[in-house]
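Below, each chain spelled out in residue letters.
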Amino acid sequence: MNYRHAFHAGNFADCVKHALLVWLVRALQRKDKPAFFLDTHAGRGRYDLESAEARRTGEWRDGIARLRAAPDPVLGDYLGVVEQLGLYPGSPLLIRALMRAGDRLACCEWHAEEAAALKRLFAGDPAVAVHRRDGWEALGALLPPPERRGLTLIDPPFEAEDEFERLADGLRRAHRRFATGVLAAWYPIKSRARTRPFHALLRESGFAEALVVEFCLRPPLDPARLNGSGLIVVNPPFGFAAAAPALLAALHTRLATEAGGFYALVPLAEAFVG
Ligand SMILES: C[S@@+](CC[C@H](N)C(=O)[O-])C[C@H]1O[C@@H](n2cnc3c(N)ncnc32)[C@H](O)[C@@H]1O
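*Asks:* Can you walk me through the side chain of Arg 218 in this structure?
*Replies:* On the secondary structure map, Arg 218 appears in the loop between strand E8 (211-216) and strand E9 (228-234). In this structure the side chain of Arg 218 is engaged in a polar contact, spanning 3.4 Å, whose partner is the backbone oxygen of Leu 226. A polar contact of 2.9 Å, which involves the side chain of Arg 218, links it to the side chain of Glu 258. Each residue touching Arg 218, except ones within four places of it in the same chain, is listed here: Arg 225, Leu 226, Asn 227, Glu 258, Ala 259, Gly 260 and Gly 261.

*Asks:* I would appreciate a short explanation of the environment of His 199 in the present structure.
*Replies:* Among the structural elements, His 199 can be located in helix H9 (residues 192-204). Taking C-alpha positions, His 199 is 9.0 Å from Val 212, a pair spaced 13 residues apart along the chain. Apart from residues lying up to four places away in sequence, His 199 is in contact with Tyr 187, Val 212, Glu 214, Ile 232, Leu 268, Ala 271 and Phe 272. Side-chain polar atoms of His 199 contact the side chain of Tyr 187, separated by 2.9 Å.

*Asks:* Can you walk me through the packing of aromatic side chains in this structure?
*Replies:* Within a pair of aromatic rings, the relevant descriptors are the distance that separates the centres and the angle that separates the planes. Scanning the model with the defined rule gives 7 aromatic pairs in all. Measuring from centroid to centroid gives 5.0 Å for Phe 164 and Phe 198, while their planes differ by 55°, and the two rings are tilted. A residue pair is termed long-range when its members are at least 10 positions apart, and Phe 164 in helix H8 (residues 163-177) and Phe 198 in helix H9 qualify at 34 residues. Phe 198 matches Phe 164 in its accessibility class, with the two residues each being buried. Counting every residue linked through ring pairs, the aromatic cluster contains Phe 158, Phe 164, Trp 186, Tyr 187 and Phe 198. Sitting above the plane of the Trp 186 ring, Lys 17 keeps its charged end 5.9 Å from the centroid. Residue placement shows Arg 132 over the ring face of Trp 110; its charged tip is 4.6 Å from the ring centre.

*Asks:* When you look at the nonpolar core in this model, what are you seeing that I'm missing?
*Replies:* Among soluble globular proteins, nonpolar side chains are generally buried collectively. With 94 residues, the main nonpolar core has Ile 64, Tyr 78, Leu 171 and Ile 232 as its most contacted residues. It is helix H1 (residues 12-28) that contributes the most residues to this core, 13 residues altogether. With residues near it in sequence (within four places) discarded, Ile 232 still touches Leu 171, Leu 183, Ala 184, Ala 185, Tyr 187, Phe 198, His 199, Leu 202, Ala 210, Leu 211, Val 212 and Leu 268.

*Asks:* Looking at this structure, I do not really get the pattern of salt bridges. What am I missing?
*Replies:* Opposite charge on two side chains allows them to pair when their charged atoms are near. Overall, the coordinates contain 18 salt bridges when judged by the stated rule. Here Arg 44 ties to Glu 114 by a salt bridge, and the two come within 2.8 Å at their closest N and O atoms. Note that Arg 44 is positioned in the loop between strand E1 (36-39) and strand E2 (46-47) and Glu 114 in helix H6 (residues 112-121), a separation of 70 residues in sequence. A salt bridge links Arg 254 to Asp 72, with the shortest nitrogen-to-oxygen separation between them at 3.6 Å.

*Asks:* Teacher, can you tell me more about the site of the ligand here?
*Replies:* In the vicinity of the ligand lie 20 residues, with Ser 91, Glu 109, Asp 134, Gly 135 and Asp 155 positioned nearest. Here Lys 17 contributes a side-chain N or O atom positioned 2.9 Å from an oxygen atom of the ligand. In the environment of the ligand, a nitrogen atom lies 2.8 Å from a nitrogen or oxygen atom belonging to the backbone of Gly 135. Compared with its free state, where it exposes 610 Å², the ligand has 95% of that area covered by protein. Elements represented by at least two residues in the shell around the ligand include exactly H1 and helix H7 (135-142). For the shell around the ligand, the residue count by class is 6 nonpolar, 9 polar and 5 charged.

Here is what the cut-offs are and how they apply
- For every chain, the first residue of its written sequence is number 1, and the numbers climb from 1 along that sequence.
- Note on the predicted model: pLDDT of at least 70 is required for a residue's local features to be given, and 80 or more for side-chain atom pairs to be given and counted; whole-chain, interface and lining totals, by contrast, use all residues.
- Computation of side-chain values: all heavy atoms of the structure, hydrogens and water removed.
- Put simply, DSSP marks the helices as runs of H or I at least four residues long and the strands as runs of E at least two long, and each gets a number from the N terminus on.
- Two N or O atoms form a polar contact when they lie within 3.5 Å of each other; inside protein one atom must be a possible hydrogen donor and the other a possible acceptor, and for residues adjacent in sequence the pair counts only when both atoms belong to side chains.
- The contact criterion used is simple: two residues touch if any of their non-hydrogen atoms lie within 4.5 Å.
- For this analysis, a ring pair means two rings from Phe, Tyr or Trp (six-membered ring only for Trp) whose centres lie within 6.5 Å, classed as stacked if their planes differ by under 30 degrees, edge-to-face if by over 60, and tilted for the remaining angles.
- Think of it in three bands: with a 1.4 Å probe and only protein chains considered, a residue is buried below 20% of the maximum accessible area for its type, exposed above 50%, and partly exposed in between.
- Charge-over-ring contacts are defined here by two conditions on Lys NZ or Arg CZ: a distance within 6 Å of the ring centre and an angle within 35 degrees of the ring normal.
- Put simply, buried Ala, Val, Leu, Ile, Met, Phe, Trp, Tyr and Cys residues joined by side-chain atoms within 4.5 Å make one nonpolar core.
- By salt bridge we mean one thing: a side-chain nitrogen of Lys or Arg within 4 Å of a carboxyl oxygen of Asp or Glu.
- A single heavy atom is enough: if one lies within 4 Å of a molecule or strand, its residue is considered near that molecule or strand.
- We get accessible surface area from the Shrake-Rupley algorithm with a probe of 1.4 Å; when it comes to residues, only the shown protein chains can shield them.
- Under this grouping Gly is polar, as are all residues other than the nonpolar Ala, Val, Leu, Ile, Met, Phe, Trp, Tyr, Cys and Pro and the charged Asp, Glu, Lys and Arg.

Printed below as a string of structure tokens:
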């Protein structure tokens, strides 16, 4: 367990994931009924971009710093929450900032220090439960929620060799327990050699109708680099396929300055089979 999100907070992949997450949370709130949010790999909740870790990589300078320097109204909802919260918000804090009275959030974090920081952040907040537990195991234990409406974000660190397989298995288990819930699963794009079998595995698991969003800074050819990131969205809320391209276009203009970068949103049935 070496991964620390503090080195990467606010980078291009975080911005893409979080801008889409904000849209998905808002979409679940169109109905006047409580929603449940599960963040299986939550991190510490907020990040100081002046910390030694953030300064070491400087990744946020090519991410959130660029979006702040030239704000696009399409990203206004996401950027507004980021500004309002001060330090760069992780997924649990973003979700919490958007929650209505009656909504609930459960977050899991396995790393002891990160979990302790997250517990401090939400101490005394009755709408948020922080668990120091395995997020994969929590998919079985915390789903389905009594609300019967909700979003599960699965955002593992991809340290383990078999993380793509674990993610596919996690999606299958979550969907079996809570068939109508929205699932959003993040994955890195280094090379197609890793993502193609992942997509095939998901298609075989019955997720052909899920949507795949991909955002690449450059063609995914160098397997040693994070060339892009993806999000699998199972049971996308109505309007997601129509709204997401505008968000992605605004992100792409500001974040993807290299030749060959692209973004795409396609059903998994059609995803990057070539
Ligand atoms: C990519 S980061 C999460 C970032 C966060 N979702 C966000 O968007 O702000 C992945 C996190 O998962 C934690 N982690 C690793 N293995 C875990 C496990 N089995 N269960 C729960 N958390 C885990 C890591 O410590 C790390 O904080």
